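Observations on the model geometry
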Amino acid sequence: MDKAVNNKVGMADVSFNVEGMTCASCVARVEKALKAVPGVEMASVNLATEKATVRAEAAVGMDVLTGAVKKAGYEVPDEEVSLAISGMTCASCVTRVEKALKKVPGVTSASVNLATEKAQVRSTGVAVEALIAAIQKAGYEATLHTTEPPETPPRSALPGWWPVALSSALSLPLITPMLALPFGVNWMLPGWLQLLLATPVQFWLGARFYKAGWKALLARSGNMDLLVAIGTSAAYGLSVYLLFAHGNHGEMQHLYFESSAVVITLVLLGKWLETRAKQQTVAALRALGSLRVTTAIVRRDGTDIAVPTAQVRVGDLVIVRPGDRVPVDGTVLEGTSHLDESLLTGESLPVAKAAGDPVTGGAVNADGLLVVEATAVGGATMLSQIIKLVEDAQAVKAPIQRLVDKVSAVFVPVVLLISVVTLVGWGLLTGDWQQALLNAVAVQVIACPCALGLATPTSIMAGTGVAAKYGILIKDAEALEVAHAVTAVAFDKTGTLTEGKPAVVALESPNRSERELLEHAWAVQQYSDHPLAKAVAAAASERGIALQAAADARALPGRGVQAQLAGVTVYLGNKRLMQELGAPIAAMEERAGAHESAGRTVSWLAVSTETGIKVEGILAFGDTLKSTAKLAVARLADMGVTSVMLTGDNPGSAKAVAAAVGIREFRAEVLPADKAHVIADLRKDGRQVAMVGDGINDAPALAAADVGIAMSTGTDVAMHTAGITLMRGDPALVAAAIDVSKKTYRKIQQNLFWAFIYNLVGIPLAAFGVLNPVIAGAAMAFSSVSVVSNALLLRRWKPQPETNRERRDHW
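Notes on the structure in this doc start here. Everything quoted here is computed from the prediction, not taken from an experiment. (Residues numbered from 1 in each chain as written. Predicted model: local features only at pLDDT ≥ 70, side-chain atom pairs only at ≥ 80, totals over all residues. Heavy atoms only, no water.)

Some thoughts on the overall build of the protein
- Counting its secondary structure elements, the protein contains 29 helices and 30 strands.
- Classification of the 811 residues of the protein by burial places 50% in the buried group.
- Residue pairs at least 24 apart in sequence account for 68% of intrachain contacts in the protein once pairs closer than 6 positions are excluded. (Helix = DSSP H or I, 4+ residues; strand = E, 2+ residues; numbered from the N terminus. Buried < 20%, exposed > 50% of the residue type's maximum accessible area, 1.4 Å probe, protein only. Contact = heavy atoms within 4.5 Å.)

Structural data, given as structure tokens:
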């Protein structure tokens, strides 16, 4: 939305997109609807640009205008913007930024992530400048986030730890006397020297706390920096007062410069360790980003030239040399090789590629030279889409974070109130206002809004990152959170549990061997592109059968094929063809019927003899099970998850497949349109249901399930609908996806528990005088570091490997 204040006082011009208009009548209808809104002075709609421009009173909200358009029968599309935000330090900052964004007219939702320092904003045509201005008004800086993956931060002239090191060096002499007291050493630095050491720590190295705290005050809010600034300033100010008020009277009072300096040092140390740990959580994203190729070799006019990858266009011929990464998605036109796709799919073994095979940008070409026709470039490549999926998942908050947001919204004001009560209470009850002030400072310093803000997003980042490493793409935090509670998984049969393509599963003949039957079948249909012909060719090749020469090969539409083999006419086709030829089928009809009852397709092989047509045998084609289908079901059962199979096959065929993979519950003869209803029925039983599918007809069921899991070997529609995408067509990854979800959710729970415990235990202890500011500062710094470090333990997660016994079971 473009919004500008009009010359007339209180008027503003607003522009936004409108979808669904097809003609001038639509334009007139939208304009009429907008002009009918009270407060609208002018409305103009452009059909070519599909944009509406409205002049209205500033009080007219964007929601009112969009409501009028929708009521007229048209749509105002939402836009999603990602912003990089700097200056946030704790959960309170997150809450403040979200509130500022949601106040912008036209913003429908805003989600801010402390760990990634990004905001995901959905709005109806709001200009990016308006969003950035709102964030700046709240006291932070923001820029439009690019789609490029995060890079390793550039090295500066000074290392990032230098403020911590310098602050430690200045604070060490201040704290040494306190450390020496338990050993009977009673020694103290002169007061003026303490002042000289503490002042640069307080106002130079600690300047960041004053700046951020001041911005929070201007925005009428609070954050961790404000607590640290107020607490350390109180300790520093008390020390200065005691130094000048009593230092000249010969009685050296104990000063508290060490408290203010050491607290700042510890907080700086905690923030530095936290920053380092957060950088590790996006390591998986950086690894994916490193797969991007900047230069490609393109063949143009017969010459191979190197060009920037951004200049490669769909249809270009790209040369991929041995050892190079594939720069774009494409199809192999020439050459054979093996590609290492491990960082894309998690598949550790190189994948063979030949003419006609698809290749994915980012894969490493192991040996042969390949000529690839580009089919997707730039942001359309699978690698770019993977990076965006992972980025989006790490940027969006999990539902459990809502509790944290509610707490953090009132956290800092409550802590400041407790601090004031502590100060007044201790002062009135004991009369020792110095101790009262120190206890109040300890309350402010031990408060840990950082740990609360980091508990969930760091776990989400680590979990989604390590899952992507093994070929499991989790699109959003909600899918990750929901998947941990899944109690039932509904598998679509074709293409998910099975290969989704026909294969020869049986060869039967009254007088010929299986090898002879397959040899004749291959020869007679060697020129056919039919899927069954390809299945025969694959089966013959596996058995090392040589291809016989055939003559006068002809297709018989809807019935089969025929050809001359060594002067004999051979037919291969369906039962209808046999009946047309007058071939006797009674001897094989019972066996053919058994195969058909099991859901298989039967082809009949017959030859022409002097006495007529003779049936030589039948070939049964079925969809073969994936090698890990049985393993996937067994692993889900071990996790307490029930597997259900959905298929359009008849009950007999469905029962056979279900039994083969170990599934007890199945639904047969399910039409594609009815899959979503089946999912709804499963959910009625109180189950948390995941749906696994790969086709367009699975999309409604994927959307209807609590969490949808799509195979990347399927259609784009399925992948866009699902919350989780498996980069390999391996059903065993379903159990791995649920497992990583469970591990991540457990980390979230652990982190939130410790974040709350730190505050619930630490703040009362500080208020009752049990903790001094130095110990409180150390506890506060440790809380954030421990939360992030605990989340990083997820990086050690790996999918469960196959055991030798499991391999034998599904062979």
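A short note on the side chain of threonine 422
- Relative to the elements of secondary structure, threonine 422 occurs in helix H13 (residues 401–430).
- A polar side-chain atom of threonine 422 sits 2.7 Å from the main-chain carbonyl oxygen of isoleucine 418.
- Apart from the residues lying within four places of it in its own chain, the contact partners of threonine 422 are Asn439, Ala440, Val443 and Ala767. (Polar contact = N/O pair within 3.5 Å; in protein donor to acceptor, adjacent residues only side chain to side chain.)

Comments concerning the environment of threonine 108
- Here threonine 108 shows up in strand E6 (residues 107–113).
- Through-space distance from the C-alpha of threonine 108 to that of aspartate 78 is 8.3 Å; in sequence the pair is 30 residues apart.
- Setting aside residues no more than four positions away along its own chain, threonine 108 makes contact with Asp78, Arg122, Ser123 and Thr124.

Thoughts on a nonpolar patch on the surface
- Taken together, the side chains of Leu760, Val761, Leu765, Phe768 and Val770 present a nonpolar region at the surface, about 520 Å² in accessible area.
- Structurally, the position occupied by leucine 760 is in helix H27 (residues 732–767). (Patch = residues over 30% accessible without salt bridge, like charges linked within 9 Å, V, L, I, M, F, W, Y side chains within 5 Å. Areas by Shrake-Rupley, 256 points an atom, 1.4 Å probe, with all protein chains shown as cover. Salt bridge = Lys/Arg side-chain N within 4 Å of Asp/Glu carboxyl O.)

Some words on the side chain of aspartate 730
- Along the chain, the position of aspartate 730 falls in the loop between strand E30 (724–726) and H27.
- Among the polar contacts listed, one links the side chain of aspartate 730 to the backbone nitrogen of alanine 732, at a separation of 3.0 Å.
- Apart from the residues lying within four places of it in its own chain, the contact partners of aspartate 730 are Thr628 and Met711.

A short note on the sheet that holds strand E10 (residues 303–308)
- With antiparallel pairing, 6 strands are arranged side by side in an open sheet as E10-E9-E11-E17-E12-E15. In this open sheet, the two strands that pair with only one neighbour each are E10 and strand E15 (358–359). (Pairing = 2+ DSSP bridges.)

Quick notes on the sheet that holds strand E28 (residues 689–693)
- Strand order across the open sheet formed by 7 strands is E18-E30-E29-E28-E19-E26-E27, with mixed pairing between neighbours. Both outer strands of the open sheet, strand E18 (472–474) and strand E27 (665–667), are each paired with one neighbouring strand and no more. Across the sheet, the mean angle separating the axes of adjacent strands is 20 degrees when strand polarity is ignored.
- Pairing geometry for E18 and E30, over 3 bridges, is antiparallel. Its bridge partner being in E30, isoleucine 474 is matched across the sheet by isoleucine 724.
- Across the sheet, helix H24 (residues 675–684) lies against strand E19 (488–492), strand E26 (642–646), E27 and E28, angled at about 155 degrees from E28, the strand it touches most. (Axes fitted to C-alpha atoms, helices over the stretch in contact; angles between N-to-C directions.)

Concerning the nonpolar core
- With 71 residues, the main nonpolar core has Ile472, Val489 and Ile724 as its most contacted residues.
- Every residue in contact with valine 489, bar those within four places of it in the chain, is listed here: Leu636, Val641, Thr642, Ser643, Val644, Ala690, Val692, Val734 and Ile738.
- In terms of nonpolar packing, the next biggest core, distinct from the first, is built from 38 residues, Val164, Ala198, Ala229 and Val415 among them. (Core = buried A, V, L, I, M, F, W, Y, C linked by side-chain atoms within 4.5 Å.)

Description of the pattern of salt bridges
- Enumeration according to the criterion identifies 17 salt bridges in this entry.
- Glutamate 508 serves as the salt-bridge partner of arginine 591, at 2.9 Å between the closest nitrogen and oxygen. Taken together, the positions of arginine 591 in helix H21 (residues 586–597) and glutamate 508 in strand E20 (residues 498–508) put the pair 83 residues apart, joining distant regions of the chain.
- By relative accessible area, arginine 591 is classed as partly exposed at 38%.
- Linking glutamate 580 and arginine 576 is a salt bridge whose minimum nitrogen-to-oxygen distance equals 3.4 Å.

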